[in-house]
Amino acid sequence: EAGVTQFPSHSVIEKGQTVTLRCDPISGHDNLYWYRRVMGKEIKFLLHFVKESKQDESGMPNNRFLAERTGGTYSTLKVQPAELEDSGVYFCASSQTRGPSETQYFGPGTRLLVL
Amino acid sequence: GQNIDQPTEMTATEGAIVQINCTYQTSGFNGLFWYQQHAGEAPTFLSYNVLDGLEEKGRFSSFLSRSKGYSYLLLKELQMKDSASYLCAGTGGGYQKVTFGTGTKLQVIP
């Protein structure tokens, strides 16, 4: 069974440009999460989808970030326009059910560098 | 909200035992995860504790004390491949929201 995949693995863009990150969860997982790790800091929650619906987007830093999950399969996270402080590693995770002990399986992350 | 604290770095010798501590302060706490993350790779699940006590899985064990807001990850018979960051993460606040600590970078030396 394939794990969580993310594309691209790395992205280098200039301030003001737009970048779109993609996450493909494990097949059959209704829950999809986006996290971000800024250099030297902890991994921080951004948002949670249940199928195509945003269940919790309390971690989204501002309105330059837009996440979608049309059809309830893969998800995209768009940053527009990108700022220097957006640099970091963006992780996606998925889980099957909503139980509190449900393990979240992480993707390898997308390393974003904004110059 | 949640606050997770763990040491930044630790060094231990191959074949030895190491304990990585984690303290948490959280509202609506459900349970506590431990993840292992090798450099440049995805965090991988190690354990999840909901009840007080020790849970053992091979060379790795995890302990939780809910009353003390404290957990530890115990690694036995250390191997060089155990060199990685170990992330303590609490769940709570509804909807499986996970709050991570900064991670403990463990270096295993010969």
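Since this is a predicted model, take the numbers as computed values, not measurements.

In the structure shown here, the tally under the stated rule is 2 disulfides over all chains. Linked covalently through their sulfurs, Cys23 of chain A and Cys92 of chain A form a disulfide whose S-S length is 1.8 Å. One disulfide, between Cys23 of chain A and Cys92 of chain A, carries an S-S torsion of -60 degrees and so falls in the left-handed class. Of this pair, Cys23 of chain A sits in strand β3 (residues 19-24) while Cys92 of chain A sits in strand β9 (residues 88-95), placing them 69 residues apart in sequence. Here Cys23 of chain A matches Cys92 of chain A in class, with each residue buried. Sulfur-sulfur distance for the disulfide between Cys22 of chain B and Cys88 of chain B comes to 1.9 Å. The chirality of the disulfide connecting Cys22 of chain B with Cys88 of chain B is left-handed, given an S-S dihedral of about -70 degrees. Of this pair, Cys22 of chain B sits in strand β3 (residues 18-26) while Cys88 of chain B sits in strand β9 (residues 84-92), and the two are 66 residues apart along the sequence. Of the two residues, Cys22 of chain B and Cys88 of chain B, both sit in the buried class.

As a further point, take the packing of aromatic side chains. Residue and element names in this part refer to chain B. For the structure shown, the criterion picks out 17 aromatic pairs over all chains. With a centroid separation of 6.0 Å and an interplanar angle of 75 degrees, the aromatic rings of Phe33 and Phe45 are classed as edge-to-face. Residue Phe33 is located in strand β4 (residues 29-37), and its partner Phe45 is located in strand β5 (residues 44-49); the two are separated by 12 residues in the primary sequence. Residue Phe45 is classed as partly exposed on the basis of its relative accessible area of 28%. Aromatic side chains Tyr70 and Tyr72 sit 6.0 Å apart centroid to centroid with 55 degrees between the ring planes, which places their arrangement in the tilted category.

All names here are of chain B. Spatial ordering of the open sheet is given by β1-β3-β8-β7-β6, a layout of 5 strands whose pairing is antiparallel. Strand pairing shows two members of the sheet lacking a second neighbour, β1 (2-5) and β6 (53-57), which therefore form its edges. Here the average twist between neighbouring strands, direction ignored, is 15 degrees. Note that strand β7 (residues 60-65) and strand β8 (residues 70-75) share 6 bridges and pair antiparallel. Across the sheet, the residue bridging to Leu64 is Ser71, located in β8.

With that settled, consider the nonpolar core. Counting 21 residues, the largest nonpolar core has Trp34, Leu46, Leu47, Met60, Leu77 and Tyr90 of chain A as its most contacted members. Of all the secondary structure elements, the ones that give two or more residues to this core are β3, β4 (31-37), β5 (43-50), β7 (65-68), β8 (75-79), β9 and β11 (110-114) of chain A. Formed by 20 residues, the second largest nonpolar core is a distinct cluster that contains Trp34, Leu46, Leu75 and Tyr86 of chain B.

Turning our attention to the pattern of salt bridges. Tallying each qualifying case throughout the model produces 8 salt bridges over all chains. Close ionic contact of Asp24 of chain A with Arg22 of chain A constitutes a salt bridge, the shortest N to O distance being 2.7 Å. Look at Asp24 of chain A and you get partly exposed, because its relative accessible area is 24%. Among the residues examined, Arg22 of chain A registers a relative accessible area of 32% and is labelled partly exposed. Between Asp82 of chain B and Arg59 of chain B there is a salt bridge; the shortest N-O distance is 2.8 Å.

What counts as what
Residues numbered from 1 in each chain as written. Chains lettered and ligands numbered in written order. Predicted model: local features only at pLDDT ≥ 70, side-chain atom pairs only at ≥ 80, totals over all residues. Heavy atoms only, no water. Disulfide = S-S within 2.5 Å. Helix = DSSP H or I, 4+ residues; strand = E, 2+ residues; numbered from the N terminus. Buried < 20%, exposed > 50% of the residue type's maximum accessible area, 1.4 Å probe, protein only. Phe/Tyr/Trp six-rings, centres within 6.5 Å; stacked < 30°, edge-to-face > 60°. Pairing = 2+ DSSP bridges. Axes fitted to C-alpha atoms, helices over the stretch in contact; angles between N-to-C directions. Core = buried A, V, L, I, M, F, W, Y, C linked by side-chain atoms within 4.5 Å. Salt bridge = Lys/Arg side-chain N within 4 Å of Asp/Glu carboxyl O.

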